[in-house]
Amino acid sequence: PIADRERVVGFVGRLDEEKGVNELAPAATQLPDDVTFRFVGDGPLRAELEETVGADPRIEFAGWVNHDDVPAELNRMRLLVLPSQPTEGLPTTILEALACGTPVMATPVSGVPDVVSPGKTGFLLRADSPESLADDIETALETDLDSVSRAGRELIESTYSFEAAVDRYR
């Protein structure tokens, strides 16, 4: 349950420019002291991001994890943040997070707004500056994440499950 999770916010994906992690790393350093930010994944920007955040003990880099371990990572988080650039379609990570009951905060690009409904199944980012990202994350953490978690999970079960896909094809 979302209420049992610690205040962990995270990113899951490739650590490269199109994923918006250059702005996310400095935003993570601006979060309150009781929030841990966890980067799950690897990529060409990892060393640069680690340098950006320095020795901040509230920021963790898990590195690459096996796909079978992604649900466990998502279940540790109260919020998944994906500040991707317009090159994204509908990241699978969003669907996986919602299936785990992890609310999502994402850039309103391509198919994202079809799944991430502000205040209902998640949150849409207003801007991509580190300050704006940090403000949006803090605001989201203060909302009723329990209802957002349930609505996201229900959306996945009703629309994106195997059974729902079979029903659509029928």
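For the structure itself, look to the data block above.
This write-up is about the structure you can find in this document.

Rules and cut-offs
Residues numbered from 1 in each chain as written. Predicted model: local features only at pLDDT ≥ 70, side-chain atom pairs only at ≥ 80, totals over all residues. Heavy atoms only, no water. Pairing = 2+ DSSP bridges. Helix = DSSP H or I, 4+ residues; strand = E, 2+ residues; numbered from the N terminus. Axes fitted to C-alpha atoms, helices over the stretch in contact; angles between N-to-C directions. Contact = heavy atoms within 4.5 Å. Buried < 20%, exposed > 50% of the residue type's maximum accessible area, 1.4 Å probe, protein only. Right-handed = clockwise from strand over helix to strand, strands pointing away. Core = buried A, V, L, I, M, F, W, Y, C linked by side-chain atoms within 4.5 Å. Salt bridge = Lys/Arg side-chain N within 4 Å of Asp/Glu carboxyl O.

**A word on the sheet that holds strand 2 (residues 36–40)**
Picture the strands of a sheet paired through backbone hydrogen bonds; they go either parallel or antiparallel.
Then comes step 1: The strand order across the open sheet formed by six strands is 3-2-1-4-5-6, and the pairing between neighbours is parallel. Each of the sheet's edge strands pairs with one partner strand only, and the pair in question is strand 3 (59–63) and strand 6 (122–124). Taken over all neighbouring pairs, the strand axes of this sheet differ in orientation by 20 degrees on average, direction set aside.
Then comes step 2: Pairing geometry for strand 4 (residues 79–82) and strand 5 (residues 104–106), over three bridges, is parallel. In the strand pairing of strand 5, L82 is matched with A106.
Then comes step 3: Those strands touched by helix 1 (residues 21–29) are strand 1 (8–12), strand 2, strand 3 and strand 4, and its axis lies near 155 degrees from that of strand 2.

**Brief notes about the pairing of strand 3**
Then comes step 1: Of the two faces of strand 3, only the one carrying I59, F61 and G63 is buried; E60 and A62 on the other face are not.
Then comes step 2: Bridge count between strand 2 and strand 3: four bridges; the pairing is parallel. By the bridge assignment for strand 3, F39 is matched with F61.
Then comes step 3: After leaving strand 2, the chain enters helix 2 (residues 46–53) and then returns to the sheet as strand 3, a path that is right-handed.

**Notes on the nonpolar core**
Then comes step 1: With 51 residues, the main nonpolar core has F37, F39, L79, I94 and I137 as its most contacted residues.
Then comes step 2: The contact partners of I137, leaving out residues within four places of it in the chain, are V9, L24, L31, F37, L79, V81 and M105.

**A closer look at the pattern of salt bridges**
Then comes step 1: All told, the structure shown has 15 salt bridges when counted by the stated rule.
Then comes step 2: The residue R38 makes a salt bridge to E60 at a minimum N-O spacing of 2.8 Å. Linking R38 in strand 2 with E60 in strand 3, this pair joins segments that are 22 residues apart in sequence.
Then comes step 3: Taking relative accessible area as the criterion, R38 reaches 12% and is therefore assigned buried.
Then comes step 4: With relative accessibility at 27%, the residue E60 sits in the partly exposed group.

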